[in-house]
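# Geometric and topological summary
Given next are the chains, with one letter for each unit.
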Amino acid sequence: MADAKVIPFDDDRSRGSGSGGGPQRSGRRRGAGGRRGGRGDTGAAAEELGGVQRLPERGPAGGAERPAERSGSGDRSGPEGGPDGGLERRVAAGLSFLRRRLTGDYEVDDFGYDAELTDQVLMSLLRPVYEKYFRVEVKGVENIPDKGGALIVANHSGTLPLDGLMMQVAVHDRHPAGRHLRLLAADLVFVLPVVNELARKLGHTLACAEDAERLLEQGELVGVMPEGFKGIGKPFSERYKLQRFGRGGFVSTAMRQGVPIIPCSIVGAEEIYPMIGNAKTIARVLGIPYFPLTPTFPWLGPLGAVPLPTKWTIQFGEPIPTDGYPPEAAEDPMLMFNLTDQVREQIQHTLYKLLVQRRSVFF
């Protein structure tokens, strides 16, 4: 992998305000245990805190004895069924999680991805937005393989990149194997304080061919949105019209690794911040790709930053295989163009179909 070419997926990505490069990879293991999910010792702790003792109990007429469950604190139900037992399990899991955080008994990978923090904290914060606010409906999740590398290619929209986060929750919660989606993000993400750290903890990494190939080679599920800032920064009048997909670098990467490409279409994100204008002068001063003007922002201040509660649909299309091409095919520009166009047209066609089926933007 040392001689891999670094080809950005989107050549129009902003480079931030003069600071270059991508994320600083951690690569260090924290603590000696290196536990990732925290499930093994959590169960033991729950048993220790809320163990159930079975004692004989006679029936009402003095008949045969039957086992009765009793906990160590009076008449409360045990950890398997009653509310107190469930509370004890949650407390035990929380204490176990805090202990590992405080002692450093967890690990992150070379990209800074923290699986335990993502599962137990970050996904829990995103899930109410996914389920209650945007009420995301997911279709075609069975098209994502249960194991092995695959590249999910999706449209990008919404002024702020919330669509990538919702797609990540959809894959994690709806896929039978509970897979984690590793998103490729623009380098601007990794120069923003706080956002940089959270993105790396969620498993995001720089949108370049080198990082994508490493993840795919490890059998990870990788997500890319080739429209980049051209997609999320387009005016509301051009909603659901796909922008250019760069130079097809994602197709070349998938072919080198022989993994399938899964088109993904997202409906609902375009309307959360209707962008009716772009203050380009302010954007240049701030060093960002665009400064959106919406019906509520910046006129209503912080309240204008609240997205509209639109109803979302995310559909994963049928995989496009790449393992049947010879190794040199990844360098064929015409083949790259044709496959890129095929993926783009499939996403666009699905978007139109979902829009026709949609009854309302909000319901």
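Residues numbered from 1 in each chain as written. Predicted model: local features only at pLDDT ≥ 70, side-chain atom pairs only at ≥ 80, totals over all residues. Heavy atoms only, no water.

As recorded in an unreviewed UniProt entry, the protein goes by Glycerol acyltransferase and comes from Streptomyces malaysiense.

Okay, the overall build of the protein next. From N to C terminus, the protein includes 10 helices and 13 strands. Once local pairs closer than 6 in sequence are excluded, the contacts in the protein between residues at least 24 apart make up 77%. For the protein, the computed accessible surface area is about 18,000 Å², with 57% contributed by carbon and sulfur atoms. (Helix = DSSP H or I, 4+ residues; strand = E, 2+ residues; numbered from the N terminus. Contact = heavy atoms within 4.5 Å. Areas by Shrake-Rupley, 256 points an atom, 1.4 Å probe, with all protein chains shown as cover.)

Moving on, we come to the packing of aromatic side chains. To describe a pair of aromatic rings, one takes the distance between the centres and the angle between the planes. A full pass over the atoms with the stated rule returns 4 aromatic pairs. With a centroid separation of 5.2 Å and 75° between ring planes, the pair formed by Tyr133 and Phe134 is classed as edge-to-face. Accessibility expressed as a relative area gives 29% for Tyr133, which makes it partly exposed. An angle of 25° between the planes, with centres 4.6 Å apart, marks the rings of Phe134 and Trp312 as stacked. Of this pair, Phe134 sits in the loop between α3 (115–133) and β5 (137–139) while Trp312 sits in the loop between β12 (292–293) and β13 (313–316), placing them 178 residues apart in sequence. On the basis of relative accessible area, Trp312 is assigned to the buried category, the value being 0%. In this structure, Arg101 is placed above the aromatic ring of Tyr106, and the distance from its NZ or CZ to the ring centre is 3.7 Å. (Phe/Tyr/Trp six-rings, centres within 6.5 Å; stacked < 30°, edge-to-face > 60°. Buried < 20%, exposed > 50% of the residue type's maximum accessible area, 1.4 Å probe, protein only. Lys NZ or Arg CZ within 6 Å of the ring centre and 35° of its normal.)

A separate point is the side chain of His175. Following the sequence through the fold, His175 ends up in the loop between α4 (162–174) and β7 (181–185). Take His175: its relative accessible area is 4%, and that puts it in the buried class. Here Pro145 takes part through its backbone oxygen, which lies 3.4 Å from a polar atom of the side chain of His175. Ignoring any residue separated from it by four or fewer positions in sequence, one finds His175 in contact with Val141, Ile144, Pro145, Asp146 and Ala170. (Polar contact = N/O pair within 3.5 Å; in protein donor to acceptor, adjacent residues only side chain to side chain.)

Before going further, it helps to spend a moment on a nonpolar patch on the surface. Together, Leu87, Val91, Leu95, Leu98 and Leu102 make up an exposed nonpolar region whose accessible area comes to about 510 Å². By relative accessible area, which is 77% here, Leu102 ends up exposed. (Patch = residues over 30% accessible without salt bridge, like charges linked within 9 Å, V, L, I, M, F, W, Y side chains within 5 Å. Salt bridge = Lys/Arg side-chain N within 4 Å of Asp/Glu carboxyl O.)

Right, let's talk about the nonpolar core for a bit. Formed by 34 residues in total, the largest nonpolar core has its most connected members in Ile152, Met167, Ile266 and Phe316. The set of elements that each furnish at least two residues to this core consists of α3, β6 (150–154), α4, β7, β10 (261–267) and β13. Broken down by element, the residue count for this core peaks at 6 residues, all from α4. If near-sequence neighbours (up to four positions away) are discounted, Phe316 is found in contact with Val138, Lys139, Gly140, Val141, Asn143, Ile144, Ile152, Met167, Val171, Ile262, Pro263 and Cys264. In terms of nonpolar packing, the next biggest core, distinct from the first, is built from 30 residues, Val153, Val259, Ala330 and Leu354 among them. (Core = buried A, V, L, I, M, F, W, Y, C linked by side-chain atoms within 4.5 Å.)

This paragraph deals with the sheet that holds β5. Judged by pairing direction, the sheet is mixed, and its 7 strands sit side by side in the order β5-β13-β10-β6-β9-β7-β8 without closing on themselves. Of all the strands in the sheet, the pair left with one neighbour each is β5 and β8 (205–206). As judged from the 4 bridges shared by β6 and strand β9 (residues 221–224), these two strands associate in the parallel manner. Note on β9: the bridge partner recorded for Ala150 is Leu221. Strands β5, β6, β7, β9, β10 and β13 of the sheet are contacted by α4, whose axis makes an angle of about 165° with β7. (Pairing = 2+ DSSP bridges. Axes fitted to C-alpha atoms, helices over the stretch in contact; angles between N-to-C directions.)

Once that is clear, we can look at the packing of helix α6 (residues 209–217) against helix α8 (residues 249–257). Between α6 and α8, the shortest axis-to-axis distance is 10 Å and the interhelical angle comes to 35°. Our pair here, α6 against α8, has a crossing hand that is right-handed. On α8, the residues that touch Ala209, Ala212, Glu213, Leu216 and Glu217 of α6 are Thr253, Arg256 and Gln257. Considered class by class, the residues forming the contact of α6 with α8 number 3 nonpolar, 2 polar and 3 charged. (Left-handed = near helix turned anticlockwise from the far one by under 90°. Nonpolar A, V, L, I, M, F, W, Y, C, P; charged D, E, K, R; others polar.)

A separate point is α8. Buried residues dominate α8, accounting for 7 of its 9 residues. For α8, the full list of buried residues reads Gly249, Phe250, Val251, Ser252, Thr253, Ala254 and Met255. Looking at the buried residues of α8, the elements they touch are β6, α6, β9, β10 and α10 (333–357).

A word on unusual backbone geometry. Phe297 connects to Pro298 through a cis peptide bond whose omega is 5°. The topology assignment puts Pro298 in the loop between β12 and β13. One non-glycine residue with positive phi stands out, namely Arg135, at about 50°. Along the chain, Arg135 turns up in the loop between α3 and β5.

With that settled, the discussion passes to the environment of Pro321. If you trace the backbone, Pro321 turns up in the loop between β13 and α10. Distance in space between the C-alpha atoms of Pro321 and Met255 is 8.7 Å, their sequence separation being 66 residues.

Time to look at the environment of Leu117. Structurally, Leu117 can be placed in helix α3. Using a relative accessible area of 16% as the deciding quantity, one classes Leu117 as buried. Once the C-alpha coordinates of Leu117 and Leu202 are considered, the two residues, 85 residues apart in sequence, prove to be 8.2 Å apart. Setting aside chain neighbours within four positions, we find Leu117 in contact with Phe97, Arg101, Leu122 and Lys201.

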